[in-house]
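# Descriptive structure summary
Chain by chain, the residues run as shown.
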Amino acid sequence: MKRINWTAYAQSLAAPLLAVGVGLLVGAIAIWAVGGSVGTTYAEMWKGAFGSFYFTASTLTRATPIILTALGVSLAFRAGFFNLGAEGQMVFGALAAALAALYVPGPGPVKMLAAVAAGMLAGGLWSLLAGWLDTRFRMNLLITTLLLNYIAVYTAGYLVAFPLKEKGGTGGAQTAMLDNSAWLPKLFAGTTLHAGFIVAIAAAVLLALFLTFTTKGYEIRMLGSNPLFAAYGGVKRGQLMLVSMLLSGALAGLAGTFEVLGTQYRYIDNMLTSPGYAWSGIMATLLAGSNPIGSVLAAILLAALQTGGMGVERNTEVPLEISSVIQSSLILFVSARITFSFIKRRKARAANGNAA
Amino acid sequence: MLLQMEGITKRYGSLIANDRVDFSLQEGEVHALVGENGAGKSTLMRILYGEEQPSEGRIIVGGRERVFATPSDAIAAGIGMVHQHFMLFPSFTVAENIVIGREPKAGVKFDRKAAAEHVKTLSEKFGMPVDPWAKVADCPVGVQQRIEILKVLNQGAKIIILDEPTGALTPLEVEWLLKAIKRLAKQGISFILISHKLNEVLGSADRITVLRDGKVIGSVKASDTDAAALSRMMVGRELAKFERKPVVPGEAILTVDNVTVLGDRGTKPLLDRVSLTVRAGEIVGIAGVSGNGQSELLQVVSGLRRVHSGKVTLGGKDVTGLSAGEFRRAGLAHIPEDRYLWGSAKEESVADNAIMGHLASLSKGGILRKRLIREKVARWIDAFRVKTGSLETKAKHLSGGNMQKLIVAREMAHGTPFVIAAEPTRGVDIGAMETIHEALLKRRDEGGAILLVSSELSEILKLSDRILVLYEGRVAGELSAGDATEEKISFLMAGGSGNETH
């Protein structure tokens, strides 16, 4: 019994590891092509990501929003809904959190809680909107979530460029800075790592437990695995979709909230879009096959590639884009795996009920 | 001897799928291969068709030893296979499907006219009429199978493997096919016929080989044996004597009153003013050629499809328009007609597949009670002898027959007053069929109301107290168990009206 489980685990790990291996190989070719030394470059990348306590902490800081969005996306994926709207949900979450922390009166902890609630709510509702458009009007979720990103990003950009712009500020499009009583505490002095990381890890464990041990988690998994089977068994798709989209968006909103409360201490236009947290989160989910714990590891890996890439740029002639090359080839191979399993599923359906 | 397989052994790790199997085929012979699920029939045929390599043993075709690394090698040696599920391109024409891979060319262009001519000649030569220009999607299942056989003949096959060829056919199509096989055999084509249906095997094969647990139990001439002897060889024991106790039906559990379901584009109704009643303590069988409204009826009485007019009541409650969950709460258990489409989630574990619909009794405060689940599911698996590695094994690793047993176990465990049994024994072996039939009859004897839908007339006749025949979405006729014969049902299924039966 145990043995079967272990091989299953090994198999589920094999594909992403292979993808990572091939990604590094393609990266090596790219490094060689731009005339860098593969060994030195990868050594610098490792140092940039995990070379010192400070760098490790930076990597985990960067991983925090990626983990949270990855969890949100995983939840939706497990229910069978392709939520590509993490970016917009994250942006609205961050903006709502900044506003709550700025304008809710009271002591620091109250502001902080208000910000977390507002951030999760804003992200959740934005995601719910896409879910509602699907259940009510049968609008394709893939398209609505994707397009709602633009609405969210540009609306937030406009708001912080004009009506909500910091009064008398000399900076760009950004809100005023939060009162430092509402800042998330740092985990280690002198590093960037904040308490949001702990919450993200806890959220991953909770999500894994939720999916495995609760009836709702069971229904979500079955709905994602075979919607007709779920319908046949009496699972209500509409209700479950709204719930999972709400939670999915709330997690993305929380990712944005923590960037505001833990890193930037205000909402700055492009603070979430230019590092591409949301898309890294989706990548992490794909890489981990929507497994919550796996998503954490994948998110840290992707964050390490990014912080490591910065290290490479600082210390060698090889450009930062190398880490994008590696990430892109990772995704290429992961999506090849998805396509492959899709084809296998189609084939298996054709061979259904093969008796004897 | 045209084909000899000698001492074929196939191991998968510690599992022995074929154990020193000998199998032979003469020119123009029809040789049937029978056995329960997992007896090793498919493995043996996959080896012959080059899809698997034997661990030991030799294959000799036409006096020469051959090694088939791929199906192309087998095809080149004159071996063809018609799979249970057809491998055709529905949107292409019949001719295009038949000549695929060896298209006649005019320069570099595909010469469709020549292809059609060629197919016409071929179909006349072998007495298998098809319209070369028709689209495959528009052809009935029986014709699609003809296309598959012609495709294989066009590849030059002298030996044709037919895997469960009659599974999806109507009785008339089955009759036609078995005749065609005999005719082709006279023309020198040899057949290997894999089937669960002993009557068909006995009626069409020259020789029958029985496999059990990977070993050849015996190879007999069809004229020297009968169905009872064959099933004894297959199962390895005497089958229980089947009897149906008389039960006086009680009150109506399910009523369907004047229900109409329109097509998606408002075309011809899929169900046309259908009314029926299933009472406590009776099995009502629904017969019909597939596509005459059975699927829609099943979906209507399980809450998976809306009706446009009419009324459905279950256990005295009006359930018209309610969801599947509410049907289940009103007392429905449902063995679905397609075990993979509706009945399971292949990527999930056996345990997860087993508890669908049972959550209320297997959870507390929204938390699944894992230990209770393990105990219960283990008991169901035991009762129906489901072969699985563990409860955590993914459902896709179960064989079709075992998946079916798991679904039946899950649904019977609900203990509901009303049970839908749609194709309850499709693709399962004789032993499992016996178990499933017993479970259904036991529920009936205890006062359960059962709606049985099956494309197997023998199953309908064996189990039903009353039989309704669906034709083009309407109830074409009703027969009582004592009154019904295969002929009468077939006549109604083909669109004959109830009054003209005599």
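Residues numbered from 1 in each chain as written. Chains lettered and ligands numbered in written order. Predicted model: local features only at pLDDT ≥ 70, side-chain atom pairs only at ≥ 80, totals over all residues. Heavy atoms only, no water.

## Digging into the overall build of chain A
Counting its secondary structure elements, chain A contains 13 helices and 0 strands. Starting at the N terminus and ending at the C terminus, chain A contains elements arranged as α-α-α-α-α-α-α-α-α-α-α-α-α. Projected onto its principal axes, the C-alpha coordinates of chain A cover approximately 80 × 55 × 35 Å. Per-residue burial for chain A yields a buried fraction of 51% across its 356 residues. Here the contacts in chain A between residues at least 6 apart in sequence split such that 74% fall between residues at least 24 apart. Total accessible area on chain A stands at roughly 15,900 Å², and carbon and sulfur atoms take up 70% of it. (Helix = DSSP H or I, 4+ residues; strand = E, 2+ residues; numbered from the N terminus. Buried < 20%, exposed > 50% of the residue type's maximum accessible area, 1.4 Å probe, protein only. Contact = heavy atoms within 4.5 Å. Areas by Shrake-Rupley, 256 points an atom, 1.4 Å probe, with all protein chains shown as cover.)

## As for the sheet that holds strand β13 (residues 252–261) of chain B
All names here are of chain B. Strand order in the open sheet formed by 4 strands is β14-β13-β16-β17, and the pairing between neighbours is antiparallel. Strand pairing shows two members of the sheet lacking a second neighbour, β14 (271–279) and β17 (317–318), which therefore form its edges. Pairing analysis gives 2 bridges linking strand β16 (residues 309–314) to β17, with the strands arranged antiparallel. Bridged to Thr-313 within β17 is Asp-318. (Pairing = 2+ DSSP bridges.)

## Side note on the interface of chain B and chain A
At the interface, 44 residues of chain B touch 30 residues of chain A. Between chain B and chain A, a total of about 3,200 Å² is buried, with carbon and sulfur atoms accounting for 59% of that surface. In this structure, the connection of chain B to chain A is made through 2 salt bridges. Asp-352 of chain B is paired through a salt bridge with Arg-221 of chain A; the nearest N and O atoms lie 2.5 Å apart. Summed over the shared surface of chain B and chain A, the result is 14 residue pairs in polar contact (both at pLDDT 80 or more). Counting residues per element, the ones that place at least two in the side of chain B that touches chain A are α1 (41–48), α10 (324–329), α11 (350–354), β20 (367–368) and α14 (400–412) of chain B. Residues that form the side of chain B that touches chain A fall into these classes: 13 nonpolar, 18 polar and 13 charged. (Buried area = accessible area lost by both parts, 1.4 Å probe. Salt bridge = Lys/Arg side-chain N within 4 Å of Asp/Glu carboxyl O. Polar contact = N/O pair within 3.5 Å; in protein donor to acceptor, adjacent residues only side chain to side chain. Nonpolar A, V, L, I, M, F, W, Y, C, P; charged D, E, K, R; others polar.)

## Considerations on helix α5 (residues 108–137) of chain A
Taking 1.5 Å per residue, 30 residues should reach 44 Å; α5 of chain A reaches 43 Å between its end C-alpha atoms and fits that length. Arg-138 of chain A, located one to two residues past α5 of chain A, shows a positive phi value of around 55 degrees. (Expected span 1.5 Å × (residues − 1).)

## Looking at helix α13 (residues 370–383) of chain B
Owing to its 3.6 residues per turn, the α-helix brings residues three or four apart onto one side. Residues and elements named next belong to chain B. The end-to-end C-alpha separation of α13 is 20 Å, in line with the 20 Å expected for 14 residues at 1.5 Å each. Looking only at α13, the buried set comprises Ile-373, Val-377, Trp-380 and Ile-381. One side of α13 holds all its buried residues, which, seen down the axis, span an arc of 95 degrees. The exposed residues of α13 that point more than 90 degrees off its buried face are Arg-371, Arg-379 and Asp-382. (Arc of directions from axis to C-beta.)

## Quick word on the domain arrangement of chain B
Often the size quoted for an interface is simply the accessible area lost on bringing the parts together. All names here are of chain B. One can read the domain layout of chain B as domain 1 (3–235) and domain 2 (252–348 + 399–404 + 411–501). Computed over C-alpha atoms only, the centres of domain 1 and domain 2 are separated by 33 Å. If you look at the interface, domain 1 gives 10 residues, while domain 2 gives 11 residues. Regarding the contact of domain 1 and domain 2, the summed buried area is about 900 Å², with carbon and sulfur atoms giving 60% of it. Inspection of the region where domain 1 meets domain 2 yields 1 salt bridge. The residue Lys-197 makes a salt bridge to Glu-456 at a minimum N-O spacing of 3.0 Å. The interface formed by domain 1 and domain 2 contains 1 residue pair in polar contact (both at pLDDT 80 or more). Counting residues per element, the side of domain 1 that touches domain 2 draws most heavily on helix α8 (residues 227–235), at 3 residues. Class assignment of the residues belonging to the side of domain 1 that touches domain 2 gives a composition of 4 nonpolar, 4 polar and 2 charged. (Domains from an automatic or database assignment.)

## Remarks on the layout of surface pockets
Taken as a whole, the second largest pocket spans an internal volume of roughly 830 Å³. Forming the boundary of the second largest pocket are 19 residues, of which Arg-138, Ala-231 and Arg-237 of chain A together with Leu-304 and Arg-306 of chain B lie nearest the centre. Counting residues per element, the ones that place at least two in the lining of the second largest pocket are α5, α9 (227–232) and α10 (237–264) of chain A together with α10 of chain B. With 3 residues, α9 of chain A is the single largest residue contributor to the lining of the second largest pocket. Within the lining of the second largest pocket, the residues separate by chemical class into 7 nonpolar, 6 polar and 6 charged. (1 Å grid on protein atoms, 1.4 Å probe; cavity = no way out; pocket = protein on both sides within 12 Å on 5 of 7 lines; lining within 4 Å. Points joined across faces, edges and corners; volume = space filled by probe spheres on them.)

## Notes on the pattern of salt bridges
Per the stated rule, a full pass over the model turns up 32 salt bridges over all chains. With a shortest N-O distance of 3.1 Å, Glu-166 of chain A and Arg-266 of chain A are connected by a salt bridge. Taken together, the residues span a long stretch of sequence, with Glu-166 of chain A in the loop between α6 (141–161) and α7 (196–213) and Arg-266 of chain A in the loop between α10 and α11 (277–287) at a distance of 100 residues. Under the relative-accessibility criterion, Arg-266 of chain A is labelled buried at 12%. Among the ionic pairs, Lys-442 of chain B bridges to Glu-446 of chain B, the shortest N-O distance being 3.5 Å.

## Notes on a nonpolar patch on the surface
All names here are of chain A. Side chains of Phe-82, Leu-142, Ile-143, Leu-146, Leu-147, Tyr-150, Tyr-154 and Trp-279 sit close together on the surface and give an oily, nonpolar patch of about 810 Å² of accessible area. Element by element, the count of residues in the nonpolar patch is highest for α6, at 6 residues. Tracing the backbone shows Ile-143 in helix α6. (Patch = residues over 30% accessible without salt bridge, like charges linked within 9 Å, V, L, I, M, F, W, Y side chains within 5 Å.)

## Brief notes about the packing of helix α3 (residues 53–78) of chain A against α7 of chain A
Residue and element names in this part refer to chain A. Two numbers describe how α3 lies on α7: the axes approach to 9 Å, and their chain directions differ by 20 degrees. One way to sum up the angle between α3 and α7 is to call them roughly parallel. The chirality of how α3 crosses α7 is left-handed. Across from Leu-60, Thr-64, Ile-67, Leu-68, Leu-71, Leu-75 and Arg-78 in α3, the residues of α7 making contact are Gly-196, Phe-197, Ala-200, Ile-201, Ala-203, Ala-204, Leu-207, Phe-210 and Leu-211. Residues that form the contact of α3 with α7 fall into these classes: 13 nonpolar, 2 polar and 1 charged. (Axes fitted to C-alpha atoms, helices over the stretch in contact; angles between N-to-C directions. Parallel < 35°, antiparallel > 145°, perpendicular 65-115°, else oblique. Left-handed = near helix turned anticlockwise from the far one by under 90°.)

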